[in-house]
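# Reading the structure
Here are the chains, one letter per residue:
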Amino acid sequence: MEIDWVALKAEATKAMKKAYAPYSNFPVGAAALTDKGEIISGCNVENASYGVGLCAECSLVSELYRVGGGKLVAFSCVDGAGSTLMPCGRCRQLLYEHHAPGMLLDTVSGIKTIYEVLPDAFGPEHLEQK
Ligand code: THU
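Let me sum up the structure you'll find in this document. (Residues numbered from 1 in each chain as written. Predicted model: local features only at pLDDT ≥ 70, side-chain atom pairs only at ≥ 80, totals over all residues. Heavy atoms only, no water.)

## Quick look at helix 2 (residues 56-66)
A56, E57, C58, L60, V61 and L64 are the residues of helix 2 that are buried. Phi turns positive one or two residues past the end of helix 2, at G68, with a value near 115°. (Buried < 20%, exposed > 50% of the residue type's maximum accessible area, 1.4 Å probe, protein only. Helix = DSSP H or I, 4+ residues; strand = E, 2+ residues; numbered from the N terminus.)

This is how it looks when you write it as structure tokens:
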């Protein structure tokens, strides 16, 4: 599948502008291409109870299911300046759960696979009955 990284980043930037981040003042936007060819996005949504805040990736994964599900083929995440941002550790796990084989991420050190940003990942395959 052809990946338009510029368009994906633009979509992440658009989502970032919708963020609710009054506590950190660190808005984040994320966008992904699904295996159905759809572009989905999400933004962080914080909370007065700080630890309850939702990362942009949480919002993105909810959107994935809202539009009917699927797997993530390509992913881009940006900060308030529109610069590429690395997903936090928890969110790498979240993305791993829904990755399409060979999922690609736009990172601060170039395009990388989900396997590179979360090596030796624990995932649903480990829960399969043997
Ligand atoms: N944040 C994300 O939304 N995604 C990440 O991968 C990194 C961190 C958010 C959480 C919090 O609202 C703000 O950035 C500052 O940590």
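## Some thoughts on a nonpolar patch on the surface
Where nonpolar side chains cluster on the molecular surface, the patch consists of Y20, Y23, V45, Y50 and L54 and spans about 530 Å² of accessible area. Tracing the sequence through the fold places V45 in the loop between strand 2 (39-43) and helix 2. (Patch = residues over 30% accessible without salt bridge, like charges linked within 9 Å, V, L, I, M, F, W, Y side chains within 5 Å. Areas by Shrake-Rupley, 256 points an atom, 1.4 Å probe, with all protein chains shown as cover. Salt bridge = Lys/Arg side-chain N within 4 Å of Asp/Glu carboxyl O.)

## Overview of the nonpolar core
Residues L60, L72, F75, L95, M103, L105 and I114 are the most contacted members of the largest nonpolar core, which totals 20 residues. At the level of elements, strand 1 (29-34), helix 2, strand 3 (72-78), helix 3 (89-97), strand 4 (99-107) and helix 4 (114-117) are the ones that each hand at least two residues to this core. Among the elements that line this core, the one with the most residues is helix 2, at four residues. Discounting chain neighbours no more than four positions away, the residues touching M103 are L72, V73, A74, F75, L95, K112, T113 and I114. Counting 10 residues, the second largest nonpolar core, distinct from the first, contains W5, L8, L33 and A100. (Core = buried A, V, L, I, M, F, W, Y, C linked by side-chain atoms within 4.5 Å. Contact = heavy atoms within 4.5 Å.)

## As for the side chain of H99
Here H99 lies in strand 4. What H99 contacts, discounting residues up to four positions off in sequence, is K71, L72, I114 and Y115.

## A word on the packing of helix 2 against helix 3
One can describe the packing of helix 2 onto helix 3 by two numbers: an axis separation of 9 Å at closest approach and a directional angle of 15°. Classified by the interaxial angle, the pair formed by helix 2 and helix 3 is roughly parallel. The way helix 2 lies across helix 3 gives a crossing that is left-handed. Two secondary-structure elements touch here, helix 2 through E57, C58, L60 and V61 and helix 3 through R90, C91, L94 and L95. Here the residues of the contact of helix 2 with helix 3 sort into six nonpolar, no polar and two charged. (Axes fitted to C-alpha atoms, helices over the stretch in contact; angles between N-to-C directions. Parallel < 35°, antiparallel > 145°, perpendicular 65-115°, else oblique. Left-handed = near helix turned anticlockwise from the far one by under 90°. Nonpolar A, V, L, I, M, F, W, Y, C, P; charged D, E, K, R; others polar.)

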